[in-house]
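Below are the chains, spelled out letter by letter.
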Amino acid sequence: MSACEFESLEESLESHLPEAELSEVKRILFGKETQKLDLPSCAVSAASERDFELKGFRFEAAQEQLRPPRRVRVGLIQNRIVLPTDAPILDQINAMHSRVGEMVEVAAMCGVNIVCFQETWSESTNLYVCRSATLCFAAVLAKKYNMVVVSPILEREGLHSTLWNTAVVISNSGHVLGKSRKNHIPRIGDFNESTYYMEGDTGHTVFQTQFGNIAVNICYGRHHPLNWLMYSMNGAEIIFNPSATVGALSEPMWSIEARNAAIAHHCFTCAINRVGTEHFKSEFTSGDGKKAHHDFGHFYGSSYAAAPDGSRSPGLSRTRDGLLVVEMDLNLNRQISDKWSFKMTGRYSEYAEELTKSVRPGFKPNIVKE
Ligand SMILES: NC(=O)NCCC(=O)O
């Protein structure tokens, strides 16, 4: 079976493990079981007609005496490109808009309050041009459906035509709340992004929305624990991780990193990855000894959400377009913080001091030798 045919880890466990062991294996692997959300039948049939997977899960928190629940529904959208990478650019963009538009319509039927698309969602991985049309498109959706839209795009800025890998956050009023630029630019495998993007300069912005405080840690930033930490320091309750990454490179890390961040920072995290294989006419190499090739490999989807108690939702498919609807009660963040106290027990000023010393010239590592 090829990497592109293997549907998902969960399905494989379900079809191969004995019933008696399955729930214990799932508890150990995935944490407390997330309940399935009842999604409206119009949404279920629209998703099936439009040929994408639709799944819904709920993370619950305990009822509190002094605070009402803070339930928010989040939609994660993963998709493959629609047209081949050598089709006229405007056709490619329009096709992506119409595909994602029909998926957002289903998200609206499911009562989604915040939707997040995959990294540079409106283009293939080598089609890097500024996207003002995409911005307008997302703003129209936000207002129409009263939904916060997190829209990761390629941004071209200013006199110097600087290219950034950016997520624009659009309020449910349809106004742009702000943007978050990708902080860590990969130089790994075929992801030679340092040849065209600059390292982000927007720090670790958190956006206060009607549905909670959100932040966007774009793709490769998920390998940097301090990047997650700083979004959390600024008060993020949900951190999105829109990504574009391939199986041979990062799949074993995928289910760990965003989930670990949710645990470490008492918040929710949402990891989103594209699907499909994007074929380019011109061969390319990446100076890593591999033969010239025409594609990055298989983008493995598997979008999921993780909660501060260590549990996680099942993932979307590794191969199909999909919408994952996740209801989360944000009260869980403080409940888990009160239980585990990672924030309270974090020795941040000590780390800050030691880190400051360690990046200065002449730093001597604290190693005891015999
Ligand atoms: N888009 C991107 O940053 N990809 C890098 C590969 C990875 O981080 O898995």
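Residues numbered from 1 in each chain as written. Predicted model: local features only at pLDDT ≥ 70, side-chain atom pairs only at ≥ 80, totals over all residues. Heavy atoms only, no water.

Looking at an unreviewed UniProt entry, the protein chain carries the name Beta-ureidopropionase, with the source organism given as Cyclopterus lumpus. Taken directly from UniProt, the Pathway (unreviewed entry) text for the protein chain runs: "Amino-acid biosynthesis; beta-alanine biosynthesis." Per UniProt, the protein chain carries the Sequence similarities (unreviewed entry) text "Belongs to the carbon-nitrogen hydrolase superfamily. BUP family." (UniProt positions renumbered as here; feature names shortened; annotations may be inferred.)

(A) Representation of the pairing of strand S2 (residues 53-59) in the model. The buried fraction of S2 amounts to five of the seven residues, a majority that puts the element mostly inside the structure. Bridge count between strand S1 (residues 35-36) and S2: two bridges; the pairing is antiparallel. Across the sheet, residue lysine 36 finds its bridge partner in S2, namely phenylalanine 57. Bridge count between S2 and strand S19 (residues 322-329): seven bridges; the pairing is parallel. Its bridge partner lying in S19, phenylalanine 59 is registered against methionine 328. (Buried < 20%, exposed > 50% of the residue type's maximum accessible area, 1.4 Å probe, protein only. Helix = DSSP H or I, 4+ residues; strand = E, 2+ residues; numbered from the N terminus. Pairing = 2+ DSSP bridges.)

(B) Region of the structure containing the site of the ligand. Near the ligand, the surroundings consist of 13 residues, among which Glu119, Lys182, Cys219, His223 and Thr245 are the closest. Take glutamate 119: an N or O atom from its side chain is 2.8 Å from a nitrogen atom of the ligand. Protein chains shield 99% of the accessible area of the ligand, which is 280 Å² for the free molecule. Looking at side-chain class alone, the shell around the ligand contains six nonpolar, three polar and four charged residues. (Near = heavy atom within 4 Å. Polar contact = N/O pair within 3.5 Å; in protein donor to acceptor, adjacent residues only side chain to side chain. Areas by Shrake-Rupley, 256 points an atom, 1.4 Å probe, with all protein chains shown as cover. Nonpolar A, V, L, I, M, F, W, Y, C, P; charged D, E, K, R; others polar.)

(C) Molecular detail of the environment of valine 149. Within the element layout of this structure, valine 149 appears in strand S5 (residues 148-157). The buried category is assigned to valine 149, whose relative accessible area is 0%. C-alpha of valine 149 to C-alpha of tyrosine 231: the two residues are 82 residues apart in sequence and 18 Å apart in space.

(D) How the structure looks around the pattern of salt bridges. Per the stated rule, a full pass over the model turns up 25 salt bridges. The closest approach of N and O atoms between aspartate 86 and lysine 281, which form a salt bridge, is 3.6 Å. Taken together, the residues aspartate 86 in the loop between strand S3 (71-78) and helix H4 (89-109) and lysine 281 in strand S15 (residues 279-284) connect sequence positions 195 residues apart. Overall, lysine 281 belongs to the exposed group, its relative accessible area being 68%. Measuring nitrogen to oxygen at the nearest pair gives 3.3 Å for the salt bridge that ties glutamate 350 to arginine 347. By relative accessible area, which is 48% here, arginine 347 ends up partly exposed. One continuous salt-bridge network, built from bridges that share partners, spans Glu155, Glu157, Lys179, Arg181 and Asp201. (Salt bridge = Lys/Arg side-chain N within 4 Å of Asp/Glu carboxyl O.)

(E) Quick peek at the sheet that holds S1. Sheet architecture is open: eight strands sit in the order S1-S2-S19-S3-S4-S5-S6-S7, paired in mixed fashion. Strand pairing shows two members of the sheet lacking a second neighbour, S1 and strand S7 (176-181), which therefore form its edges. Bridge analysis of S5 against strand S6 (residues 162-170) gives nine bridges, and the strand direction is antiparallel. Residue pairing across strands places leucine 154 opposite asparagine 165, the latter belonging to S6.

(F) Unusual backbone geometry, seen in detail. Of note in the backbone geometry, aspartate 51 takes a positive phi value of approximately 60 degrees without being a glycine. Its place among the elements puts aspartate 51 in the loop between helix H3 (41-49) and S2.

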